[in-house]
Amino acid sequence: IRVERAVVPSGTMVDIGRTRLRVASGTDTAVEVHGEDSLHDVLGRSARMRRLLAQVARVAQTPTSVLLFGESGTGKELIARAIHQASSRASGPFVTVDCASLSPTLVASELFGHERGAFTGADRQRIGAFERAHGGTLFLDEIGELPADLQPQLLGALERRRFLRLGGKAEVKVDVRVVSATHRELRSEVNAGRFRVDLYFRLAIVVLRLPALRERLAPATTTLQARASARSPRS
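Note on numbering: residues in each chain are counted from 1, in written sequence order. Note on the predicted model: pLDDT of at least 70 is required for a residue's local features to be given, and 80 or more for side-chain atom pairs to be given and counted; whole-chain, interface and lining totals, by contrast, use all residues. Side-chain descriptors were evaluated using all non-hydrogen atoms of the structure, hydrogens and water having been removed beforehand.

1. Examining unusual backbone geometry
No. 1: If you check the backbone angles, E142 has positive phi at about 55° while not being a glycine.
No. 2: The helix and strand labels rest on DSSP assignments: H or I over at least four residues marks a helix, E over at least two residues marks a strand, and numbering proceeds from the N terminus. Here E142 is to be found in the loop between β9 (137–141) and α5 (151–160).
No. 3: Throughout this description, buried means an accessible area under 20% of the type-specific maximum (1.4 Å probe, protein chains only), exposed means over 50%, and partly exposed covers the range between. Residue classification places E142 among the buried positions, given a relative accessible area of 11%.
No. 4: Its identity as a non-glycine residue notwithstanding, R161 has a phi of 60°, on the positive side.
No. 5: Checked against the element boundaries, R161 lands in the loop between α5 and β10 (162–163).

2. Looking at the packing of helix α1 (residues 47–60) against helix α2 (residues 76–85)
No. 1: Each axis is a line fitted through C-alpha atoms, and for a helix only the stretch in contact is used; angles between axes span 0 to 180 degrees, taken between their N-to-C directions. Between α1 and α2, the shortest axis-to-axis distance is 8 Å and the interhelical angle comes to 45°. Overall, the two elements α1 and α2 adopt an arrangement that is oblique. Crossing angle aside, the handedness with which α1 passes α2 is right-handed. Of the residues in α2, those in contact with L52, V56, V59 and A60 of α1 are I79, A82 and I83.
No. 2: In the scheme used here, Gly and all other residues not listed as nonpolar or charged are polar, with Ala, Val, Leu, Ile, Met, Phe, Trp, Tyr, Cys and Pro taken as nonpolar and Asp, Glu, Lys and Arg as charged. Along the lines of polarity and charge, the residues of the contact of α1 with α2 split into 7 nonpolar, no polar and no charged. Should an angle fall under 35 degrees it is called roughly parallel, over 145 degrees roughly antiparallel, and 65 to 115 degrees roughly perpendicular, with every other angle called oblique. Handedness of each helix crossing follows the sense of rotation of the near helix against the far helix: counterclockwise by less than a right angle gives left-handed, clockwise gives right-handed. By definition, residues are in contact when any of their heavy atoms lie within 4.5 Å.

See the structure below:
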């Protein structure tokens, strides 16, 4: 039968084909929040930020790749550093690569390095970000800007944990945790064919969404800042 509108009491069971729906009144849901208003260099007093800090603390204890989604200025690099500092890799390096600030011809060299003579102007060997981050965390900022022709190389490095420097013949093996960030909706980029679906699922095992600054309102005003900056001497 076709039902366009119905009023039923709470607890009613409705069968639609092979699916059974139970109508229930709304209930409160308990969510985990961080016990303090700070986590390493990240400060946050609002409920949304303390919930985010709880997620950061939890995911930091795993080796999982994390994708941070948020508008510009929401503190994605600070969150990435907090994940690193709260993890077992805290004593290792934290290396940042801004995929949006590099020309397409330099991204591969920045990520994987190159050997002397690999291309015009390569007068010495260069160690890439993956090698520099060995034993620590590699933060790929603005991963949505990564050129399409480099996405298979990044995917291969993430899957095999080894790669070739540009112009190199010997594979380099690394132990790196990858945290990436973007302001783009990567699922939409995947659907539009501009971002590889297999790379997306390799990077976005856990997705953390950072609230926009306009959503951090008084009275529970939230700030994101580095404590080192807050404690610097004032002129």
